[in-house]
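Coordinate analysis (summary)
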Amino acid sequence: MSADFEIQLSLRALDLVNSSGLQKCSNPYATVHIFDPYGETSVAQTVGSTEMINNSSSPKWTKVFYLDWSFGEAVHVNVEVYDKMERGSDLLMGSCDFEIGEIVTSKGGCKAKVMKGGGGTISAHVEKNRSSEAKFYLQLRAVGLTNVTTEIFRLSASFFTISRKHTESPSNIEDIWIVVYRSGFIAGNLSPMWKKIKLSLSALCDSDKDRSLMIEVFHLKRNSEHIFIGKSETSVNNLLALRNPIGNADNDLSLKLLKDGTEVGYIDVLEANVVESSGRRSGPQRIDSRISTIETPIINPIGDPTFLNYLSGGCELKLCIGIDFTASNGRLHFT
């Protein structure tokens with residue numbers, strides 16, 4: 001029997017208990033297993049592991065797990081969180097179990113549980129996967145970052161993350177952002193130019209180029225929590241429109257980095273291209289200045305809502321079943 005959906009499972013943790021001692025902060029990663037709680041299958045199936053995040057008690061992992069799921073099918077997932085050790089075996093920080101249907105039917109497609117065997121909470125997020133072979137090529141450069149390091153004669157060692165907005169979030173709960181990419185860091189430079197990256201458009205924005213993305217810049221700390229510098233909300237289409245290979249001296253095409261409403265720097269988009277599976281590139285549209293009127297069709301960029309959307313939005317169903325045992329139905333047989 002084929003599955004109804006391929007779903008994306010994302011994980012993050014909150015307030016993990018530090019297991020690395022007073023001088024360091026934990027380096028957590030998570031492993032995911034599918035198991036049978038009724039014991040019919042004794043061996044759990046290993047799905048995979050997230051990346052390790054240095055010095056974090058509230059990690060947001062970028063790794064996405066793809067699982068097949070059908071309505072009415074119970075898929076039980078075990079999540080274990082470990083602290084990566086430089087020497088010896090990694091330390092188990094705790095674990096918790098989820099049932100995929102339970103996550104799907106939770107508001108926003110999100111479910112949080114307190115870990116067993118350790119402090120902290122694990123949040124699991126589920127979305128329907130809209131597969132696409134398109135790739136997004138991106139290169140960013142920061143300009144004039146605020147120096148947040150407290151060390152004398154040192155400049156920030158900065159890296160950035162890209163998060164996508166969880167589209168299933170109902171309006172009555174806080175927006176949920178899922179980290180999908182984390183860059184390497186560049187030290188000693190308040191205008192760092194990060195390496196060009198290639199991302200799956202499906203993993204980045206679920207193939208919706210207007211979906212909200214959040215770019216956040218941090219200062220790397222090796223033995224404690226990283227320091228937040230600033231953030232800017234954007235989208236793939238916005239990044240395509242802001243592409244400027246030679247930079248932007250006037251910052252009129254730059255993304256403003258904000259912290260508590262204050263500008264702390266800018267982000268230049270040096271390259272932004274979407275390459276479809278056919279190899280065709282797509283970028284910002286060039287409009288002929290001789291055209292005075294452009295008729296734009298009204299479209300729904302998200303598409304028609306699915307039953308999964310209704311469940312994730314908090315829709316509750318009530319079902320009443322009646323069975324007619326009268327003679328008009330003939331003789332009833334029970335097996």
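That block above? That's the structure.
In short, a report on the structure. Treat the numbers as computed from the prediction; the structure is a model and nothing was measured. Note that residues are indexed from 1 along each chain, following the sequence as it is written. Two thresholds apply to this predicted model, a pLDDT of at least 70 for residue-level local features and 80 or more for giving and counting side-chain atom pairs, whereas whole-chain, interface and lining totals are computed over all residues. Computation of side-chain values: all heavy atoms of the structure, hydrogens and water removed.

1. Focus: unusual backbone geometry
Selection criterion: A run of DSSP states H or I qualifies as a helix once it reaches four residues; a run of E qualifies as a strand once it reaches two. Both are numbered from the N-terminal end. In this scheme, a residue with accessible area under 20% of its type's maximum is buried, one over 50% is exposed, and one in between is partly exposed, where area comes from a 1.4 Å probe on protein chains only.
The residue D15 is not glycine, and still its phi comes out positive at about 55°. With respect to the element layout, D15 can be found in the loop between β1 (5-14) and β2 (28-35). Not every positive phi belongs to a glycine, and D206 is a case in point at roughly 60°. For D206, the location among the structural elements is in the loop between α2 (201-205) and β13 (213-219). Judged by its relative accessible area of 5%, D206 falls in the buried class.

2. Details of the sheet that holds strand β6 (residues 91-99)
Let me state the cut-off plainly: We treat two strands as partners when DSSP finds at least two bridges between them. For helices, the axis comes from a line fit to the C-alpha atoms of the stretch in contact; other axes are also lines fit to C-alpha atoms, and the angle between any two N-to-C directions lies between 0 and 180 degrees.
What the four strands build is an open sheet, ordered β3-β2-β5-β6; its pairing is antiparallel. On the outer flanks of this sheet lie β3 (45-49) and β6, each paired with one strand and no other. Taken over all neighbouring pairs, the strand axes of this sheet differ in orientation by 20° on average, direction set aside.

3. As for a nonpolar patch on the surface
Defined as follows: For patch building, the residue pool is restricted to those with more than 30% relative accessible area and no salt bridge; the joining distance is 9 Å between like charges and 5 Å between nonpolar side chains (Val, Leu, Ile, Met, Phe, Trp, Tyr). Per-residue and other accessible areas follow the Shrake-Rupley method at a 1.4 Å probe size, with only the shown protein chains counted as cover for residues. In the sections that follow, a salt bridge refers to a side-chain nitrogen of Lys or Arg positioned within 4 Å of a carboxyl oxygen of Asp or Glu.
A contiguous nonpolar patch, built from L319, I321, I323 and F325 and spanning about 540 Å² of accessible area, is present on the exposed surface. Relative to the assigned elements, I323 resides in the segment after α4 (307-312).

4. Some remarks on the packing of aromatic side chains
For the record, the criterion: A pair of aromatic rings is counted whenever rings of Phe, Tyr or Trp (Trp by its six-membered ring) have centres within 6.5 Å, and the orientation is called stacked for planes under 30 degrees apart, edge-to-face for over 60 and tilted otherwise.
For the structure on display, the rule yields five aromatic pairs. Relative to F218, the ring of F159 has its centre 5.5 Å away and its plane inclined at 20°; by these criteria the two rings are stacked. Of this pair, F159 sits in strand β10 (residues 158-165) while F218 sits in strand β13, placing them 59 residues apart in sequence. Both residues of the pair, F159 and F218, count as buried. Taken together, F159, F218 and F228 form an aromatic cluster joined through their ring pairs.

5. Some details on the side chain of S163
Which entries qualify depends on this criterion: Contacts were defined at the residue level, with two residues in contact if any of their heavy atoms lie within 4.5 Å.
In this fold, S163 is placed in strand β10. Not counting residues within four places of it along the chain, the set of residues in contact with S163 comprises W177, I178, V179, V180, S212, L213, M214 and E216.

6. Considerations on the sheet that holds β1
Pairing in this open sheet of four strands is antiparallel, and the strands run β4-β1-β8-β7 from one edge to the other. Each edge of the open sheet carries a strand with a single partner, namely β4 (65-69) and β7 (110-114). This sheet shows a mean twist of 30° between the axes of neighbouring strands, independent of strand direction. Of the pairings in the sheet, the one linking β1 to strand β8 (residues 121-128) comprises eight bridges and is antiparallel in character. Among the inter-strand pairings, S10 is bridged to a residue of β8, identified as H125.

7. Let's talk about the nonpolar core
Threshold: Side-chain atoms within 4.5 Å link the members of a nonpolar core, which is a set of buried Ala, Val, Leu, Ile, Met, Phe, Trp, Tyr and Cys residues.
Judged by nonpolar contacts, the single largest core of 32 residues is most densely connected at F136, L138, F160, I162, L204 and V236. Considering every element that reaches this core, the biggest residue donor is strand β16 (residues 262-275), with five residues. Contacts of L138, omitting those with residues within four sequence positions, involve I162, K195, K196, I197, L239, V269, E271 and A272. Within the second largest apolar cluster, 27 residues are counted, among which are F65, V104, I122 and V126.

8. Considering the pattern of salt bridges
Per the stated rule, a full pass over the model turns up twelve salt bridges. A network of salt bridges, in which partner residues are shared, links E127, R164, D206 and R211.

9. Focus: empty space enclosed by the protein
Counted only if it meets this: Buriedness for pockets is judged along seven lines, at least five of which must meet protein on both sides within 12 Å for an open set on the 1 Å grid over protein atoms alone, while cavities are sets there where a 1.4 Å probe fits but cannot get out, and lining residues have an atom within 4 Å of a point. Grid points are joined across faces, edges and corners, and a volume is the space filled by probe spheres set on the points.
On inspection of all chains with the given rule, the structure shows one cavity of 30 Å³ or more. Within this model, the largest cavity holds a volume of roughly 50 Å³. Every residue lining the largest cavity is listed: S10, L11, R12, K60, W61, H125, W177, I178 and V179. Within the residue set of the lining of the largest cavity, elements represented by two or more residues are β1 and β11 (177-182).

10. Some remarks on the environment of S56
Let me state the cut-off plainly: We call two N or O atoms a polar contact when they sit within 3.5 Å, provided that within protein one can donate a hydrogen and the other can accept it, with sequence-adjacent residues counted only if both atoms are side-chain atoms.
Relative to the elements of secondary structure, S56 occurs in the loop between β3 and β4. A sequence separation of 31 residues divides S56 from C25, and the C-alpha atoms of the two residues are 6.4 Å apart. Residues contacting S56, with those up to four places away along its chain left out, are C25, S26, P28 and E225. Polar contacts involving the side chain of S56 include one to the main-chain amide nitrogen of S58, which spans 3.3 Å.

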